[in-house]
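Structural features, examined
Here is what each chain is made of, one letter per residue.
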Amino acid sequence: MSTNRRQFMLQGAAAAASLMSINSFAKAQQSVQTGLAEVFRQDFQIGTALSNKTLVENDSALLSIVAREFNAITTENALKWSEIHPEPGVWNFAPVDNFVEFGRAHNMQMVGHTLMWHRQTPAQLFSETIQQVDHCNSCHSYQKATSKKALLSALETHTTTVLDRYKKDIYTWDVANEVFEDDGQWRESEWYKIIGSNMLEYAFRFAREAHPKSCLIYNDYHVEKPKKYASIIEKLDAVQKKGVKVDGVGIQCHIKVDQNSPSLKDLETAIVALSQSGYRVHITELDIDVLPNAWEHKGRHVNELTDKNELNPYTNALPPSISQQLSERYRSVFELFIKHRDKIDRVSFWGTTDDESWKNGLPIAGRTSYPLLFDRKKQPKPAYFAVKNLRAAPTP
Ligand code: GLA
């Protein structure tokens, strides 16, 4: 770190804020020429998620930032089962077709998210209606869990249809998402309850057969928890022992501004362990939350809660001191990623501008969140420059 930078970081919050805004302005002029993807070209791909809204509305202001800054894109929602395949035989390909067209036009690595997940998947996939005629000859119907055979057949049809359509363009696939609990146990999802512990093997086998040369990864949050990454490695190794190649693991990386949530050490240990076990690391959904934890109120609207001001403290703007913390946290996680650039193929953000982030609506609705590198006016934030300046020449 340069002496100038060190001095700068030691200044008080107010001074830092005004310096940062001047810096941001000066550097915003430069960023038009060199996006993050270019700056980190020797390290890893830099990606973002594209929402259905952006794809359908063809938001040109946002798409021009994406084209400039990133060389990888992920479908935020468009490839989730409920979106692309809401009912048996009903397919909604248009948003993914738009995604692919944009990716092709800008020569981007494209990531398909996701083929097997317990959320955003139609409930009817997991149950079937049984018709029964009773002894009085009247007909009754009832719901029963789909059989393992029927669910596997649906998974195979879904995977093959999606991959056949997009395999020319989409190379990397989040085959399965969030299959394990934080303690490493299988999540008791409908997938697990019906198929059992070879669900991962089937998911990867169907994808590999449909797209043999693809990069197939397993994706999850809290991967840095020791029991979780140990279990992921064990279960993926078991899949590979059955002859189905798995290329990597996606660490979602929805983290907090708090340096301990998670600690860099825990993240590093997980990255190293995955790599030593032969799995390429993808950082798949990076964002950094500055808002207080609200998971205990999941599903509520912030305005219904008595502590709404504490839970949504920055409705007008992010105070300079918090913006400084956010920049610091982004800088330090990127320093870690650069240190392990030989193990990491891609670092993708979960969106581009703060207003489009899922963090405004989850776990509670109605909050003003600041987790990304571009603000609501689509301007690069101080955090953007904190990341970029790790590789770019500082402004004279
Ligand atoms: C998980 C999923 C993403 C997204 C986020 C929140 O991380 O993998 O697709 O749904 O939750 O929106």
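Details of the structure are given in the entry above.
Residues numbered from 1 in each chain as written. Predicted model: local features only at pLDDT ≥ 70, side-chain atom pairs only at ≥ 80, totals over all residues. Heavy atoms only, no water.

**Topic: the pattern of salt bridges**
Scanning the entire structure with this criterion turns up 26 salt bridges. Of the charged contacts, one joins E304 and R300 as a salt bridge, the two residues approaching to 2.8 Å between their closest N and O atoms. Look at E304 and you get partly exposed, because its relative accessible area is 48%. A salt bridge links E328 to R331, with the nearest nitrogen and oxygen atoms 2.7 Å apart. Of this pair, E328 and R331 both sit in helix 14 (residues 320-339), 3 residues apart, roughly one helical turn. Linked by salt bridges that have partners in common, D43, R341 and R391 make up one network. (Salt bridge = Lys/Arg side-chain N within 4 Å of Asp/Glu carboxyl O. Buried < 20%, exposed > 50% of the residue type's maximum accessible area, 1.4 Å probe, protein only. Helix = DSSP H or I, 4+ residues; strand = E, 2+ residues; numbered from the N terminus.)

**A closer look at the packing of helix 12 (residues 264-276) against helix 14**
Packing of helix 12 against helix 14 leaves a shortest axis separation of 11 Å and a crossing angle of 25°. In this view, helix 12 runs roughly parallel relative to helix 14, as classed from their interaxial angle. Note on packing geometry: the crossing formed by helix 12 with helix 14 is right-handed. Packed against helix 12, whose contacting residues are L264, L267, E268 and I271, the element helix 14 presents R329, S332, V333, L336, F337 and K339 at the interface. Per-class residue counts for the contact of helix 12 with helix 14 are 6 nonpolar, 1 polar and 3 charged. (Axes fitted to C-alpha atoms, helices over the stretch in contact; angles between N-to-C directions. Parallel < 35°, antiparallel > 145°, perpendicular 65-115°, else oblique. Left-handed = near helix turned anticlockwise from the far one by under 90°. Contact = heavy atoms within 4.5 Å. Nonpolar A, V, L, I, M, F, W, Y, C, P; charged D, E, K, R; others polar.)

**Some thoughts on the site of the ligand**
Around the ligand, the structure places E76, K80, H113, W117, Q120, N177, E178, Q252, H254, E285, W350 and W358. Within the side chain of K80, an N or O atom sits 2.7 Å from an oxygen atom of the ligand. Within the contact set of the ligand, an oxygen atom lies 2.6 Å away from a side-chain nitrogen or oxygen of H113. Starting from 300 Å² of accessible surface for the ligand in isolation, the protein chains cover 93%. Taken together, the residues that form the shell around the ligand break down as 3 nonpolar, 5 polar and 4 charged. (Near = heavy atom within 4 Å. Polar contact = N/O pair within 3.5 Å; in protein donor to acceptor, adjacent residues only side chain to side chain. Areas by Shrake-Rupley, 256 points an atom, 1.4 Å probe, with all protein chains shown as cover.)

**Looking at the packing of aromatic side chains**
The final tally for this structure, using the stated rule, is 18 aromatic pairs. Ring centres 6.3 Å apart and planes at 70° place the aromatic pair F93 and Y166 in the edge-to-face group. Residue F93 is found in the loop between helix 6 (81-84) and helix 7 (94-105), and its partner Y166 is found in helix 8 (residues 148-166); the two are separated by 73 residues along the sequence. Here the two residues F93 and Y166 agree in accessibility, since each one is buried. Cluster of aromatic residues (ring-pair linked, three or more members): F40, F44, F70, Y330, F334, F337 and F349. When the ring centre of F93 is taken as origin, the NZ or CZ atom of R165, which lies over that ring, is 3.9 Å away. Its guanidinium or amino end placed over the ring of Y370, R376 lies 5.1 Å from that ring's centre, counting from NZ or CZ. (Phe/Tyr/Trp six-rings, centres within 6.5 Å; stacked < 30°, edge-to-face > 60°. Lys NZ or Arg CZ within 6 Å of the ring centre and 35° of its normal.)

**Topic: the environment of T315**
Relative to the helices and strands, T315 is located in the loop between helix 13 (308-311) and helix 14. In this structure, the C-alpha to C-alpha distance between T315 and G366, residues 51 residues apart in sequence, is 9.9 Å. Here T315 is in contact with T368 and Y370, once residues within four sequence places are set aside.

**A word on the nonpolar core**
If you look at soluble globular proteins, the nonpolar side chains tend to sit buried side by side. Counting residues in hydrophobic clusters, the biggest one holds 98 residues, and the most contacted among them are F334 and F337. Per-element tally for this core: the top contributor is helix 14, with 8 residues. Excluding anything up to four places from it in sequence, F337 contacts F44, C253, I271, I283, L286, I344 and V347. Residues A294, V302, L311 and I364 belong to the second largest nonpolar core, which totals 5 residues. (Core = buried A, V, L, I, M, F, W, Y, C linked by side-chain atoms within 4.5 Å.)

**Some words on the side chain of R208**
As for its placement among the helices and strands, R208 is situated in helix 10 (residues 199-210). The exposure class assigned to R208 is buried, which follows from its relative accessible area of 13%. Engagement of the side chain of R208 in a polar contact is seen with the backbone oxygen of P212, the distance being 2.9 Å. At a separation of 2.7 Å, a polar atom in the side chain of R208 contacts the side chain of D247. When neighbours within four sequence positions are excluded, R208 is seen to be in contact with K213, S214, L216, V244, K245, V246 and D247.

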